[in-house]
Every structure is written in structure tokens, then in C-alpha cells.
Amino acid sequence: MDTKNNKDSSENFPLGVGSTLFEKIWEQHIVKTIDNGPSVLYIDRHFIHEVTSPQAFTGLNKRGIKVLRPKQTIATADHNVPTLNQHLPIKEELSRKQVEALIQNCAEHGIELYGLGHPFQGIVHVIGPELGITQPGMTIVCGDSHTSTHGAFGAIAFGIGTSEVEMVFASQCLLQSKPKLMRINVDGILNKGVVSKDIVLYILSKITASGATGYAVEFAGSAIRSLSMEARMTICNMSIEMGGRCGLIAPDETTFNYIKGREFAPQGEALERKLAEWKQLFSDSDATFDKEYHFDADGIEPMITYGTNPGMGIGVSEKIPTAETINENDKSGLSKSLAYMGLQQGAAIKGQKIDYVFIGSCTNSRIEDLRMVASFVKGKHKADDVEVWIVPGSKQVEAQAIEEGIDKIFEEAGFQLRQPGCSACLGMNEDKIPAGKYCISTSNRNFEGRQGAGARTLLASPLTAAAAAITGFVTDVRELLN
């Protein structure tokens, strides 16, 4: 991908009096405003994969047009790819056809494709940041809801539907209505064993899986600023799970240091110009939000879900809610979820037997996640009746894990390090959890059948997942940390 010759409309951000981070970026990307309607929004980067792009390409072909700006479109194969024996033909027919269609469509339209076998292949929301394609101040879209991940860099990033994918292909623009604005502040110091996944699961448990519907969510506060870039990506990744249109975190020195030196990052004088622009990307002190929350980091413990949406979470030391302790409107949902999960109201979640552990997905498959798990499990071995899959988010993460000897630690612990892909995050490829089995997963969704028909998913952090892999049941990782 060549980014050097593409002039983004994300340049020269005005400070703006009373402007939020979101508003500064949004205003710079408006091409046209329709009276009493949406805006025509310019899109800086368009990521595509094999699942939501075929129909959009077909639409272009029927109209006899080409992708307008192919150099601003980046493709990879991730959702349907196997995570074992990637050198062999894909077994599942639909998956194979979708990957083949992506190869053909990218070739016909001059789009850079990081397909199977390419050293840059991986989950779309992992490779964008690690390659330096994702940058502050951009507008970024993809036919995938977890595009919000890129907002960790101070970008407006959101998922779009197939018809919108075609719209961006044809015009490099989208019709979009400006969302309401929310800020979620998390201040204080995190306790031992608590990481970014716990923060976002905690927020979800408090505001629910619909609490940010219709909002662009900015995450702020000292606990957020203390996080690494990879941890911030976990937070923004799951903003969609609270109903948010997107999630953002203002860029800072942590952001800039992460970007510097990456494959497609600006260099030299170009980088200095960009840094000057990026440092203007923050919400002004007098900016106003439609809704604002404040949470204390000290009140967060390792989290885990018990139900069938990401908002149904509790601290690992807590008990599953009962009908008497929740809102009237939520009672039927609780009963239905627990019936599917095979769990009981008022029961402790700690000690629940598990069968599988999946550490991966666009939420938690980066090198920092793998290092965290490897550091914890070194010298330990998994429980005999638990199957553990570690799926790196990209070929670069895989290569780095091998270079650092992390693969050997996993092997000695009885963990299986597989090849990059979305894997067991969703039942769309060969990596499925069997019906009735419990899987602690570092992914982002625990809907009925998400990991396979009848599979029972408990969302947790990489540390909590690793602890369960060792003990064979839901465990408070704090009890195992030195």
C-alpha cells in the first residue's frame, strides 16, 4: 500500500472553541451538508475483507465502474480462513469461494491484498494499526462492526453495511448523520490482575449493551491514558458492544511512539508535520457532551460474562444476578440467557467448569496479549480436560511470538498456537466450539451460537482466560498472581 501520495482531508485541524475530539475530525471531513439530512463524509481509509465485499464489487461491476481510489483501500482475508494448515486449500466451500472472490476482485480493481501467505495478512483491525495505516484524525470504515478498534488512535472509525461498502468504493464518501456525543471517564489506578478488557466489560455491565446506542463515545480519564495502545484498542473495539457508533481516545505520546517507524507511517519531515496536526486532536476543556459517565478504576475487578450479550457481566468474585436484583424489563432476558448458558440465578460464577479457552480475535490477539498470557502460564500446564487455542491476530504477531520464544512457552503449557484469523470469535470458519461446551473467550460477543451452534461463551480478559486454562474452571486470576 502506498500512503505517501494520498493527501488526506485530515490535515490542519483547527483547535476550535468548545469542540470535542469527534467534532474536530468530523468537521474536517464534511464534503457537503444536506439540509435537514445527513452529511457527505469523506473517507480516508477503507478496509475490506472476504465476507462483506463480494456483493459490493458485484454492484460496481453491474454499473460498469471501478473503485474510485484503490490506493486508499486495503484488503485482507481473515473471517473465513482456517487457522491450521493455511498452505492447503480451504475445506469449507463457502469460505473458499469468498476468499477466491476477494483475490479476483482486488486484482481487477488494483487493490492491495494481504491474503493467505502474505507476511502482512491478519485480522483487519489488527493489521491496520500494526502497519501504521491507521493514524490519528482519519475517517476509517470497514464492512465489520469492530472497525471502532481504530478509534484508539484518535480517529473516527466505524463499521458499514455492504451497500455502504459499494458507496465508498464508488465515491470515497458516505452519507452519514452526526451521532450524539458521549464521554466515559475512568480515573484511578487499576488493581492487580485487572486489564483493559476488564475495564470495558465493567463499563458494559454498568451502562448495558444498549447504553451508548446512537452515540460516538470518547474514552478519557487517567486510567485510560495509562493504557498502552494495544490495550486502548481493546477498549474502543468493544464500544460497539454498548451500542456506540464508534469509540475514540485522544492521541498522545503513547500513540505517536506506537506509530513511529511502522511500515506505512509518515517519516522525517512528513512525520513532524503530522505530529503537529495530531497534537491538536483532543476535546477542548469547554467542550460539551450529550451524556457523560465517571467510573473509578479502583472499583474494577477481573470481569466475566454469564449471559448472552456482553453487558451481562460481573466481577469474578460476584454471583450471577437474580430476578429480584434486576430491572423488570430485564427479567425475561435473564431467564432466557441462563437457560441457554445452563447457569443458575444467584450462583457463583467462580468455579464454573469450562471446556475450551480461546485467546484471540480483533479484541485480544496482539503481541501484548500473547506476552501477557505467556508470562502467566510459563512453567504451568493446562488442565487435562481443557482445549486451548491461541490465535495470533496477524502473521507479524505470529512471527514475533516465535522470535520471542512465546510459542515454546505455549507448547510446554499444552496450548496450541494456531495461524492468524478471526477463528473462534464467530462460527463462520472451521474453528467452532461444540454444542453445550463452555468456552472462556477473549473475543467480543457471547450471543447464542456465536462460537458455533449451542456453544456457551464467557467473555473475559486474556489473564482470566489463561487462569481458567490452567485450573479448568472460572478462576480469580488474582489468587494465582505473585
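Residues numbered from 1 in each chain as written. Predicted model: local features only at pLDDT ≥ 70, side-chain atom pairs only at ≥ 80, totals over all residues. Heavy atoms only, no water.

Engineer: Before we go on, may I ask you to explain the side chain of threonine 457 in this structure?
Structural biologist: Inspection of the secondary structure puts threonine 457 in strand β19 (residues 456-459). Look at threonine 457 and you get buried, because its relative accessible area is 1%. Within the local environment of threonine 457, its side chain forms a polar contact with the side chain of glutamine 451, the two groups lying 2.7 Å apart. If we skip the residues at most four places from it in the chain, threonine 457 touches Thr305, Gly307, Met341, Cys439, Ser441, Arg445, Asn446 and Gln451. (Helix = DSSP H or I, 4+ residues; strand = E, 2+ residues; numbered from the N terminus. Buried < 20%, exposed > 50% of the residue type's maximum accessible area, 1.4 Å probe, protein only. Polar contact = N/O pair within 3.5 Å; in protein donor to acceptor, adjacent residues only side chain to side chain. Contact = heavy atoms within 4.5 Å.)

Engineer: Please explain the nonpolar core as it appears in this structure.
Structural biologist: Among soluble globular proteins, nonpolar side chains are generally buried collectively. Counting 74 residues, the largest nonpolar core has Phe169, Ile184, Val186, Ile203, Phe219 and Met242 as its most contacted members. Among all residues touching valine 186, those that are not within four sequence positions of it are Ile199, Ile203, Ala220, Gly221, Ser222, Ala223, Ile224, Phe295, Ala297 and Ile300. Counting residues in hydrophobic clusters, the runner-up holds 60 residues, among them Phe376, Val377, Cys425 and Ile470. (Core = buried A, V, L, I, M, F, W, Y, C linked by side-chain atoms within 4.5 Å.)

Engineer: Any chance you could explain the sheet that holds strand β12 (residues 291-296) here in plain terms?
Structural biologist: Neighbouring strands of a sheet are bound in pairs by backbone hydrogen bonds; such pairs are parallel or else antiparallel. Read from one edge of the open sheet, 4 strands run β11-β10-β9-β12, paired in parallel fashion. Strand pairing shows two members of the sheet lacking a second neighbour, β11 (246-248) and β12, which therefore form its edges. Strand after strand, the sheet turns through a mean of 20° between neighbouring axes, direction not considered. Of the strand pairs in this sheet, strand β10 (residues 215-220) and β11 are connected by 3 bridges, and their pairing is parallel. Note on β11: the bridge partner recorded for alanine 216 is cysteine 246. Where helix α6 (residues 196-207) meets the sheet, it contacts β9 (180-187), β10 and β12, and its direction lies at approximately 125° from that of β12. (Pairing = 2+ DSSP bridges. Axes fitted to C-alpha atoms, helices over the stretch in contact; angles between N-to-C directions.)

Engineer: Looking at this structure, how should I read the sheet that holds strand β17 (residues 416-417)?
Structural biologist: Here we have 5 strands laid out as an open sheet, ordered β17-β16-β15-β18-β19, and parallel in their pairing. With one partner strand each, in any of the chains shown, β17 and β19 form the two edges of the open sheet. The pairing of strand β15 (residues 356-359) with strand β18 (residues 438-441) spans 3 bridges and is classified as parallel. Bridging from a neighbouring strand, valine 357 pairs with isoleucine 440 of β18. Along the sheet, helix α15 (residues 462-471) contacts β15, β16 (387-390) and β18; its crossing angle with β15, the most-contacted strand, is approximately 150°.

Engineer: Would you take a moment to explain the environment of serine 441 for this structure?
Structural biologist: Structurally, the position occupied by serine 441 is in strand β18. Taking C-alpha positions, serine 441 is 23 Å from threonine 76, a pair spaced 365 residues apart along the chain. Beyond its immediate chain neighbours, meaning those up to four positions away, serine 441 contacts Lys197, Phe358, Gln451, Thr457, Leu458, Leu459 and Ala460. Here glutamine 451 takes part through its side chain, which lies 3.4 Å from a polar atom of the side chain of serine 441.

Engineer: What exactly am I supposed to notice about the packing of α6 against helix α8 (residues 229-237) here?
Structural biologist: The geometry of a pair of packed helices is captured by two quantities: the angle between their axes and the separation between those axes. For the pair α6 and α8, the least separation of the axes is 8 Å and the interaxial angle reads 20°. What the angle tells us is that α6 and α8 run roughly parallel. Considering how the two elements wind past one another, α6 and α8 form a crossing that is right-handed. Note on element contacts: α8 touches α6 through Ala231, Thr234 and Ile235, opposite Ser196, Lys197, Ile199 and Val200. Taken together, the residues that form the contact of α6 with α8 break down as 4 nonpolar, 2 polar and 1 charged. (Parallel < 35°, antiparallel > 145°, perpendicular 65-115°, else oblique. Left-handed = near helix turned anticlockwise from the far one by under 90°. Nonpolar A, V, L, I, M, F, W, Y, C, P; charged D, E, K, R; others polar.)

Engineer: Got a minute to help me understand the pattern of salt bridges in this structure?
Structural biologist: Two side chains of opposite charge can pair, provided their charged atoms sit close to one another. Under the definition given, this model contains 17 salt bridges. For arginine 445, the salt bridge goes to glutamate 241, with nearest N and O atoms at 2.9 Å. Of this pair, arginine 445 sits in the loop between β18 and β19 while glutamate 241 sits in the loop between α8 and β11, and the two are 204 residues apart along the sequence. On the basis of relative accessible area, arginine 445 is assigned to the buried category, the value being 15%. As a salt-bridge pair, arginine 418 and aspartate 431 come within 3.0 Å of each other at their nearest N and O atoms. (Salt bridge = Lys/Arg side-chain N within 4 Å of Asp/Glu carboxyl O.)

Engineer: Before we go on, may I ask you to explain the packing of aromatic side chains in this structure?
Structural biologist: In the structure shown here, the tally under the stated rule is 10 aromatic pairs. Centre to centre, the rings of phenylalanine 120 and phenylalanine 264 are 6.4 Å apart; their planes meet at 80°, and the pair counts as edge-to-face. Placement of phenylalanine 120 in the loop between β5 (112-114) and α4 (124-130) and of phenylalanine 264 in the loop between α9 (253-259) and α10 (268-278) is noted, with a sequence separation of 144 residues between them. Phenylalanine 264 shares its class with phenylalanine 120; the two are buried. When the centroid spacing of 5.9 Å and the interplanar angle of 85° are considered together, the rings of tyrosine 202 and phenylalanine 295 count as edge-to-face. Of this pair, tyrosine 202 sits in helix α6 while phenylalanine 295 sits in strand β12, and the two are 93 residues apart along the sequence. Exposure class is identical for tyrosine 202 and phenylalanine 295. Each is buried. One aromatic cluster is present, formed by Tyr114, Phe120 and Phe264 through successive ring pairs. In this structure, lysine 380 packs its charged tip against the face of phenylalanine 376, placed 4.7 Å from the ring centre. (Phe/Tyr/Trp six-rings, centres within 6.5 Å; stacked < 30°, edge-to-face > 60°. Lys NZ or Arg CZ within 6 Å of the ring centre and 35° of its normal.)

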